[in-house]
Amino acid sequence: MKRRNFVKRATLGSMASVIGADIVFGSVLPEGYKPLALQDPDPFKMFNKDTGMEVLNDKPWNIEAKAHLLDDKITPNKFMFIRNNGLIPENIDADKWTLEFDGESVAQKKTYTLAELKSKFPQYTYELTLECGGNGRSEFDPPAKGNQWTIGAVSCASWTGIRLKDVLEDVGIKDDAVYIGYHAADVHLSRDPGKEPISRGAPMAKALQEETLLAFKMNNEDIPIAHGYPLRLVAGGWPASVSGKWINRISIRNKVHDGTKMTGTAYRVPCNPVAPGEKVKDEDMCIIESMPVKSLITYPKSGAMINEGEKLDIRGHAWAGELEVERMEYSIDFGSTWQSCPIEKPSNRLAWQHFSASIDFPKKGYYEIWARATDSRGASQPMLLPGWNPKGYLNNACHRIAIKVT
Ligand SMILES: Nc1nc2c(c(=O)[nH]1)N[C@H]1C(S)=C(S)[C@@H](COP(=O)(O)O)O[C@H]1N2
Ligand SMILES: [Mo]
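All residue numbers refer to position in the chain's written sequence, counted from 1. Key to labels: chains lettered from A, ligands numbered from 1, both in the order written. Where totals are concerned, whole chains, interfaces and linings use all residues; where local detail is concerned, this predicted model gives features only for residues with pLDDT of at least 70, and gives and counts side-chain atom pairs only at 80 or more. Note that the side-chain values use all heavy atoms of the structure and ignore hydrogens as well as water.

1. So, the domain arrangement of the chain
Inference 1: An automatic or database domain assignment supplies the start and end points of every domain. One can read the domain layout of the chain as domain 1 (2-39), domain 2 (60-287) and domain 3 (294-405).
Inference 2: A C-alpha centroid distance of 54 Å is found between domain 1 and domain 3.

Written out as structure tokens, the structure reads:
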């Protein structure tokens, strides 16, 4: 029998430093064997995600859906994108979780336990659309740095929690309050406890909206860890970065919150349109608020084939930030002509809306179906790309799928 070879000492040393502990029986570790602590985790199992999801980054975890995976009216966890700026908190103890209110404009600092929040305030459930401000970034030219989201960084789950406005009323806020900013338990990539991965927020008007929740349930179950267990802010219709996960403190500010990723170019676009590639000064960048009108064809999957003479049934969702989608159209001739199709009312404000159509094709060949939504103020989606911006936000171009009629 062949003798076992053991791992070299230098390798052992470097493995131990990554693991953060001595490998006590390292001298008999078979060569070529990777200790479990160093094996790549399977993100699909770890987060209960469908294996059709696309991992864009593993440090931190960023995972997106594909259009055809978002076919459900209410997005289940397995198809929900994950966008993390830092490391997911470890050893979360919901029984010991607290939420503190502080800031210049708090009447008096106050801390609630999670149990108090759940018992003291009435609970509400809303379907809320959460889209990452950078969804669609991959199409911009010149390209923007950051996760190269295609179209899958959007979801609409059912969220249950209490209204932030009810809690703010109980806390007491001063007249000069203009903004809230969240603080959370996730860890900066550098592991420096003095740094926050992200700390964003919203103006008081958004904080006080009925649908702005401090949520503890998603789709009727505890929020999955990756999505903010045990407590997250959910502010539908705004860039999802406003919806802080794992929150443990909210600052009531007498100025625009200046936490991590509130300033500079983060989650901001030029206040006025600029040419592609143009340099924009920080002071000419404006904070993204309500997201623009957009839609997705979730059935069929791009590349579908049908027989000549058959009708094709399509369906999908459309949303418009703070507004409602009023009109839905599709084109099979690259946007030359458009046909309207029915769009359902939202289940509640800030929930995405569903559309469907049954399409006839004139003859055999290759087609594309383009979908275009129009909001209640008359704004529609651009056919190919909206205005370029340095960080590649707000790409609400028409979604397009390929079809072959044979
Ligand atoms: N604490 C914390 N909250 C966060 C983030 C984060 O990294 N840390 N990412 C934000 C961003 S940029 C987005 S798009 C959404 C993503 O929510 P999801 O991962 O539940 O889909 O969470 C937001 N809330
Ligand atoms: Mo985001």
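Text resumes after the structure shown.
2. Examining empty space enclosed by the protein
In this approach, a probe sized like a water molecule rolls over the atoms, and the result shows the empty space that is left.
Inference 1: Of the two site types, the cavity is a set of points on a 1 Å grid over the protein atoms alone where a 1.4 Å probe fits but cannot get out, and the pocket is an open set with protein on both sides within 12 Å along at least five of seven lines, each lined by residues with an atom within 4 Å of a point. Grid points are joined across faces, edges and corners, and a volume is the space filled by probe spheres set on the points. Overall, the coordinates contain 1 cavity of 30 Å³ or more when judged by the stated rule.
Inference 2: Of the volumes computed, that of the largest cavity is approximately 260 Å³.
Inference 3: R83, R232, A240, S243 and K245 are, among the 22 residues lining the largest cavity, the residues nearest its centre.
Inference 4: By the criteria applied, helices consist of DSSP H or I runs no shorter than four residues and strands consist of E runs no shorter than two, each listed in order from the N terminus. If you list the elements that add at least two residues to the lining of the largest cavity, you get β3 (82-83) and β8 (179-184).
Inference 5: Throughout this entry, Asp, Glu, Lys and Arg are counted as charged residues, while Ala, Val, Leu, Ile, Met, Phe, Trp, Tyr, Cys and Pro are counted as nonpolar. The remaining residues, Gly among them, count as polar. Of the residues belonging to the lining of the largest cavity, the class tally is 11 nonpolar, 7 polar and 4 charged.

3. Topic: the sheet that holds β8
Inference 1: Taken together, the 5 strands give an open sheet; going across it, the order is β5-β4-β13-β8-β9, and neighbouring strands pair in mixed fashion. If you trace the sheet from one side to the other, it starts and ends with β5 (110-113) and β9 (201-203), each paired once. Ignoring which end each strand starts from, the neighbouring axes of this sheet average 15° apart.
Inference 2: Contact definition: two residues touch when any of their heavy atoms are within 4.5 Å. Helix axes are fitted to C-alpha atoms over the stretch in contact, other axes to C-alpha atoms as well, and angles between N-to-C directions run from 0 to 180 degrees. Packed onto the sheet, helix α4 (residues 164-171) meets β4 (98-102), β5, β8 and β13 (247-253) and runs at close to 130° relative to β5. Pairing between strands is defined by DSSP: at least two bridges between the two strands are required.

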